[in-house]
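# Report on the structure
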Amino acid sequence: MQNIEKEINEKFGGRLRTRVNGVLIENDKILMIKHQMGLNKSFWNVPGGGMDYNTNATDNLKREFLEETGLEIEVKKFLTVSEFLQPPLHAIELYFEVSKKSGDLIKGIDPELSENKQLIEEVKFMSIEEISEIKKEEKHHLFWKIKSVNDIRIWKGYFNFENKCIK
């Protein structure tokens, strides 16, 4: 996949985006997605994506989840807002707890990108131990210090890289 970093920058970079993200926990494991971000660069986060204009956060999250995982979800409680800033990417991200309604887990797609430029490499449920083994720079900063799935359920407020809320 040539010039994936250029493609990411052109599609998503250089502007502030609003994103919605869903945290699905089953059997003490969190559903995570691995995205290709460039040559030998990967990034893990929960399913989610950019909001479409004139569509609310709940509907956007349901759409993103279905596209990326094949799962239909119910959006539960709001967890936190996070500012993601790794130039050229900048996003205000809303995180919600979600539950599975139906569907079979698949490696989905990002319809904003062509078939030969898809970013999703892997979709799987991961334990806290597995997430902790991922290099810091290869996972969303909200997952840098979590020690249990209960840490996620107590996320509150605004998170950025300097936030020291979760010990």
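Residues numbered from 1 in each chain as written. Predicted model: local features only at pLDDT ≥ 70, side-chain atom pairs only at ≥ 80, totals over all residues. Heavy atoms only, no water.

### So, empty space enclosed by the protein
The gaps left among the atoms become clear once a water-sized probe is rolled over them. Stated precisely, the cut-off is as follows: A 1.4 Å probe that fits but cannot get out identifies a cavity on a 1 Å grid over protein atoms alone, an open set with protein on both sides within 12 Å along at least five of seven lines counts as a pocket, and a residue lines either if it has an atom within 4 Å of a point. Grid points are joined across faces, edges and corners, and a volume is the space filled by probe spheres set on the points. Helix and strand assignments come from DSSP, with helices taken as H or I runs of at least 4 residues and strands as E runs of at least 2, each series counted from the N terminus.
Taken as a whole and judged by the stated rule, the model has one cavity of 30 Å³ or more. Taken as a whole, the largest cavity holds about 400 Å³ of empty space. Lining the largest cavity we find 24 residues, and of these R17, R19, H35, M37 and L89 sit closest to its centre. Mapped onto the lining of the largest cavity, the elements with two or more residues apiece are α1 (4–12), β1 (15–26), β2 (29–38), β3 (41–45), β4 (48–50), α2 (57–69) and β6 (89–102). Broken down by element, the lining of the largest cavity gets its largest block of residues, four residues, from β6.

### A look at the nonpolar core
Under the convention used in this document: The set of buried Ala, Val, Leu, Ile, Met, Phe, Trp, Tyr and Cys residues whose side-chain atoms join them within 4.5 Å is what this entry labels a nonpolar core. Buried means the residue's accessible area, taken with a 1.4 Å probe over protein chains only, is under 20% of the maximum for its type, while exposed means over 50%, and partly exposed covers the values in between.
Core analysis: the biggest nonpolar cluster contains 18 residues, and V23, I30, M32, F143, I152 and W155 have the highest contact counts within it. Taken together, the elements giving at least two residues each to this core come down to β1, β2, α3 (128–133) and α4 (149–153). Judged by nonpolar contacts, the second largest core, of 14 residues, contains L24, I73, V75 and F96.

### Looking at the confidence of the model for the protein chain
We apply this condition: Confidence scores per residue from the predictor, reported as pLDDT, run from 0 to 100. Two residues qualify as a contact provided that any one of their heavy atoms is within 4.5 Å of a heavy atom in the partner residue.
Scored by pLDDT, the protein chain comes out at a mean of 88, with 92% of its residues at no less than 70. Per-residue pLDDT stays below 50 along residues 162–167; that stretch engages in nine contacts with residues further than four places along the chain or on separate chains.

### A look at the pattern of salt bridges
Between side chains of opposite charge, pairing is possible as soon as their charged atoms come close. Basically, it comes down to this: Between Lys or Arg on one side and Asp or Glu on the other, a salt bridge is scored when a side-chain nitrogen of the former is within 4 Å of a carboxyl oxygen of the latter.
Overall, the coordinates contain seven salt bridges when judged by the stated rule. A salt bridge links E67 to R63; the nearest nitrogen and oxygen atoms lie 3.6 Å apart. Of this pair, E67 and R63 both sit in helix α2, separated by four residues, roughly a single helical turn. Relative accessible area serves as the criterion here: at 23%, R63 is assigned to the partly exposed category.

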